[in-house]
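Structural characterization, general
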Amino acid sequence: MSNDIKNILERLAAVEGKLTPTSVKHGLNSQQREVPQLPALFKPKNIRALGSRTDPANPMDGYMVGERDQPRGNALEEAIAEIEEDMISKVKKDLTKYLDHLEKKGHVSNELKNKARDAIERGEVEEDDENPLPKTPGEFAAGAAGGALGYKLLSNPIVQKAMPIAGAVYSGYDAINRANAGDRVGSAIAAAGAVPALTYPSLAVQVARDKYKTGEFFPSDEKIKSTYARSVMEPPIPPANQRPTANTKQPWDHAPVKTYTMEDGTCLECYGDDQTGFEIRNGENVLPTRFPNIDHADMAVKIFQKRREANQNQDYLEER
Amino acid sequence: MLADSLKTLLATNFAYYLKAQGFHWNVEGPDFGELHAFFQAIYEDAYSALDPTAEYIRYLGEYSPASLERFSELTKIAGQTKIPRARLMLEELHVNNDQMLDLLNRCFAEANNDNQQGIANFIAERLSAHGKYRWQLTSYLKVERA
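The paragraphs below set out a description of the structure included in this document. (Residues numbered from 1 in each chain as written. Chains lettered and ligands numbered in written order. Predicted model: local features only at pLDDT ≥ 70, side-chain atom pairs only at ≥ 80, totals over all residues. Heavy atoms only, no water.)

1. Examining the overall build of chain B
Along chain B, the regular secondary structure elements total 5 helices and 1 strand. Going from the N terminus to the C terminus, chain B shows its helices and strands as α-α-α-β-α-α. Among the 146 residues that make up chain B, the fraction classed as buried is 46%. Intrachain contacts of chain B at a sequence separation of at least 6 include 79% that bridge at least 24 residues. (Helix = DSSP H or I, 4+ residues; strand = E, 2+ residues; numbered from the N terminus. Buried < 20%, exposed > 50% of the residue type's maximum accessible area, 1.4 Å probe, protein only. Contact = heavy atoms within 4.5 Å.)

Dropping the structure here:
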């Protein structure tokens, strides 16, 4: 750039700087007069990568270009809404992660979750007309915990650990959301004792204790228990003196029902029977999912084999 | 002995060149064009180093290996008979490039010990080239920055 052009530009910049933003008085509408106008040759000052008070990412902050199309309040509301949305999504993500962790830790299948979801989708869950179910999350929690089921479960140290893991937590959380949305089906699931474990632990436990002491039980808890809580409670928790120890061997522990040899030589074994279901083991590792019959287990292994084969093929192809 | 190290370097460099060219031919996926060109740059550079390496072996009074059988005996880099997917190609070449750097460093030290400044200078250039590939391969493999 020649010196002449540079000189002209510098002079123009100086003139422009004098003209705007303070010198322009005419030809502006009321909104334009409200805010300092951005000069055509505006050059942000005091912008440094470090230690600058001006945000380097937004050097035009505070200046308005053209007319304002929205009141400032809307932008603020939008920003707040965006922050809220971020926070909610973070909470959701954390909760999902936590629940996944609990499920994995407890080796509990997603059976209840899926069952409850399916029941809700099919509309199979019915209300008890004589004993209408509560409508608010607090009532669900208190009612559920007030039942013998809730108290017994919560007072049992083993179940205290197992409860949140058993997939009931997720269902309970889901139930609250559904109840808030006016879905009464959700209340039935909440009443299964899932809610207090996570959402209202202190309230639920307290109410449960009070109600248990006075003998005042939630009227329909037996029905709910038989309908919904079965999955949570299975296998049933026997009295302390009858509980199986680590050394107790199930009959089907002795020999696998079926064995599968993988391509890499790994041997998967299927144990179980029709009463207790089937499980798949790889040496000492046990797949947390239990299968109701041998066909399902068989199918799971085949799908696993196919997927593994597909993955291997994706990584390396044969040239020949 | 420097000549023996150079023979190993020659065979290993040949294997590296061949692998890079194979990847250049067989790479697939959304980054095909970029990786195709990248592998080409690598194999052309590796190929250009073969002749000087062999000639330096002759310069030291030894004969240079010149058969696939002998190269497969001497090379430190295993061949790839399958076609990996693009990222695995990059990972494999990254590992092999590090092997080349180790070998070059060893040759460089031996050349200096033997007071073979010309050879040391050539190897230093190769070190620089492979150092650059290391940076580029590492950068390709940083998926978390994508």
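2. Focus on helix α5 (residues 117-141) of chain B
What sets the pattern is the α-helix's 3.6 residues per turn: residues three or four places apart point alike. Residue and element names in this part refer to chain B. With 25 residues, α5 should cover 36 Å at 1.5 Å per step; its first-to-last C-alpha distance of 36 Å lies within 8% of that length. Along α5, the positions that sit buried rather than exposed are Ile119, Ala120, Phe122, Ile123, Arg126, Leu127, Ala129, His130, Tyr133, Leu137 and Leu141. Packing partners of the buried residues in α5 comprise α1 (2-26), α2 (32-59) and α4 (86-113). (Expected span 1.5 Å × (residues − 1).)

3. A short note on the interface of chain B and chain A
Contacts between the two partners involve 9 residues from chain B and, on the opposite side, 6 residues from chain A. Carbon and sulfur atoms supply 52% of the area buried between chain B and chain A, which totals about 700 Å² over both sides. When the buried area of chain B at its contact with chain A is split by residue, Lys82, Ile83 and Arg85 of chain B rank highest and sum to 59% of it. Our count for the chain B to chain A interface comes out at 2 salt bridges. Here Glu318 of chain A and Lys82 of chain B are joined by a salt bridge, their closest N and O atoms 3.2 Å apart. Viewed at the interface, chain A and chain B are joined by 3 residue pairs in polar contact (both at pLDDT 80 or more). (Buried area = accessible area lost by both parts, 1.4 Å probe. Salt bridge = Lys/Arg side-chain N within 4 Å of Asp/Glu carboxyl O. Polar contact = N/O pair within 3.5 Å; in protein donor to acceptor, adjacent residues only side chain to side chain.)

4. Considerations on a negative patch on the surface
All names here are of chain A. Side chains of Glu77, Glu78, Glu82, Glu85 and Asp86 sit close together on the surface and give a patch of like negative charge. With respect to the element layout, Asp86 can be found in helix α3 (residues 72-106). Note on Asp86: relative accessible area 49%, which makes it partly exposed. (Patch = residues over 30% accessible without salt bridge, like charges linked within 9 Å, V, L, I, M, F, W, Y side chains within 5 Å. Areas by Shrake-Rupley, 256 points an atom, 1.4 Å probe, with all protein chains shown as cover. Lys, Arg positive; Asp, Glu negative; His and termini not counted. Charge placed at Lys NZ, Arg CZ, Asp CG, Glu CD.)

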